[in-house]
Amino acid sequence: MQEYLSPTLIYALIVVIFTLLYLWTTFNNFVRKRNLVKTDLSDINVQIRKKADLVSNLINLTKDYATHEKDTFKGVAEMRSSVNSPNTATEAAKTENMLSNTLRSLMMVVESNPELKANQNFLSLTEDLKNIENLIAAYREEYNRTVMGYNNSVQTFPGLVAAKLFGFKSEDLFDPTL
């Protein structure tokens, strides 16, 4: 005499197997998207560090021409020491804004020194800064697209159930106005 599994038990096993497969694939999808968010933020941080280095080089060049601008250079030194690897988009945006404000102050010094504006090293550094600014803008757009895709996965049903179960949280967009 053969024993058969009841149809109810078979259906229950099928539901459990599909639920486990869904959770498995959803978890892996969240991990991939979160890692993309981290990678894109890292790309922005690399460019911010490059920008900080260029600003430092520009400051060193400018110091020779404007010895009376001690406050500007002091602020730049503080800025340079605070540029590390931001862990969040908000920290990265604040660092980027601080660099941009420092650069604006520095450009005021440059405006009052026409021979500096004609210096080949200065022209080369400012061209490099423009390129870095464009890269930061491009990476920022890519980061925000990646975050939007990740956040949509984490915040919409049925993914939000799995996200809460596994502890995945929404990420912040890179907002340059912070």
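Residues numbered from 1 in each chain as written. Predicted model: local features only at pLDDT ≥ 70, side-chain atom pairs only at ≥ 80, totals over all residues. Heavy atoms only, no water.

Undergrad: Could you give me a rundown of the overall build of the chain, with the residues and numbers involved?
TA: Within the chain, the secondary structure is distributed over six helices and zero strands. Starting at the N terminus and ending at the C terminus, the chain contains elements arranged as α-α-α-α-α-α. Residues classed as buried in the chain amount to 33% of the 178 residues present. Taken as a whole, the chain presents about 11200 Å² of accessible surface, with 58% of it coming from carbon and sulfur. (Helix = DSSP H or I, 4+ residues; strand = E, 2+ residues; numbered from the N terminus. Buried < 20%, exposed > 50% of the residue type's maximum accessible area, 1.4 Å probe, protein only. Areas by Shrake-Rupley, 256 points an atom, 1.4 Å probe, with all protein chains shown as cover.)

Undergrad: Lay out helix α6 (residues 159-166) in plain terms, naming residues and giving numbers.
TA: Three or more residues of α6 are buried, namely G159, A162 and A163. In a view along the axis of α6, the buried residues occupy a sector of 105°, so they form one face of it. Residues of α6 that are exposed and angled more than 90 degrees away from the buried face: K164 and L165. Along its buried surface, α6 packs onto α1 (7-63) and α5 (120-155). One or two residues past the end of α6 sits G167, with phi positive at roughly 80°. (Arc of directions from axis to C-beta. Contact = heavy atoms within 4.5 Å.)

Undergrad: Kindly report on the packing of aromatic side chains, identifying the contributing residues and their values.
TA: How two aromatic rings sit relative to each other is given by the distance of their centres and the angle of their planes. By the definition in use, this model includes three aromatic pairs. Their ring planes at 65° and their centres at 5.6 Å tell us that F27 and F168 sit as a pair that is edge-to-face. Pair noted here: F27 is in helix α1 and F168 is in the segment after α6, with a separation of 141 residues, a long-range link. Classification of F27 by relative accessible area gives partly exposed; the value is 32%. (Phe/Tyr/Trp six-rings, centres within 6.5 Å; stacked < 30°, edge-to-face > 60°.)

Undergrad: Got a sec to walk through the environment of R49? Specific residues and values, please.
TA: The topology assignment puts R49 in helix α1. Looking at R49, the relative accessible area reads 31%, which means it is partly exposed. Separated by 83 residues in sequence, R49 and I132 have C-alpha atoms that sit 10.0 Å apart.

Undergrad: Which residues make up a nonpolar patch on the surface, and what are the values?
TA: Among the surface-exposed residues, L5, L9, I10, Y11, L13, I14, I17, F18, L21 and W24 lie close enough to one another that they form a single nonpolar patch of about 1000 Å² accessible area. Among the structural elements, I17 can be located in helix α1. (Patch = residues over 30% accessible without salt bridge, like charges linked within 9 Å, V, L, I, M, F, W, Y side chains within 5 Å. Salt bridge = Lys/Arg side-chain N within 4 Å of Asp/Glu carboxyl O.)

Undergrad: An account of the packing of α1 against α5 is needed here, citing residue identities and associated values.
TA: Packed helices, taken two at a time, are described by the angle between their axes plus the distance between the axes. Orientation of α1 relative to α5, taken along the N-to-C sense of each, is 160°, at an axis distance of 9 Å. Accordingly, the angle class assigned to the pair α1 and α5 is roughly antiparallel. Pair α1 / α5 crosses with left-handed handedness. Of the residues in the contact of α1 with α5, the class split is 21 nonpolar, seven polar and ten charged. (Axes fitted to C-alpha atoms, helices over the stretch in contact; angles between N-to-C directions. Parallel < 35°, antiparallel > 145°, perpendicular 65-115°, else oblique. Left-handed = near helix turned anticlockwise from the far one by under 90°. Nonpolar A, V, L, I, M, F, W, Y, C, P; charged D, E, K, R; others polar.)

Undergrad: Report on the pattern of salt bridges, specifying residues and quantitative values.
TA: Considering all chains together, one arrives at three salt bridges under this definition. For the salt bridge of K51 with E96, the shortest nitrogen-to-oxygen distance reads 3.0 Å. Placement of the pair is K51 in helix α1 and E96 in helix α3 (residues 89-111), with a sequence separation of 45 residues. Each member of the pair, K51 as well as E96, carries the same accessibility label: buried. Between K51 and E133 there is a salt bridge; the shortest N-O distance is 2.3 Å. Of this pair, K51 sits in helix α1 while E133 sits in helix α5; the two residues are 82 residues apart in sequence, bridging distant segments of the chain. Several salt bridges converge on common partners, so that one network encompasses K51, E96 and E133.

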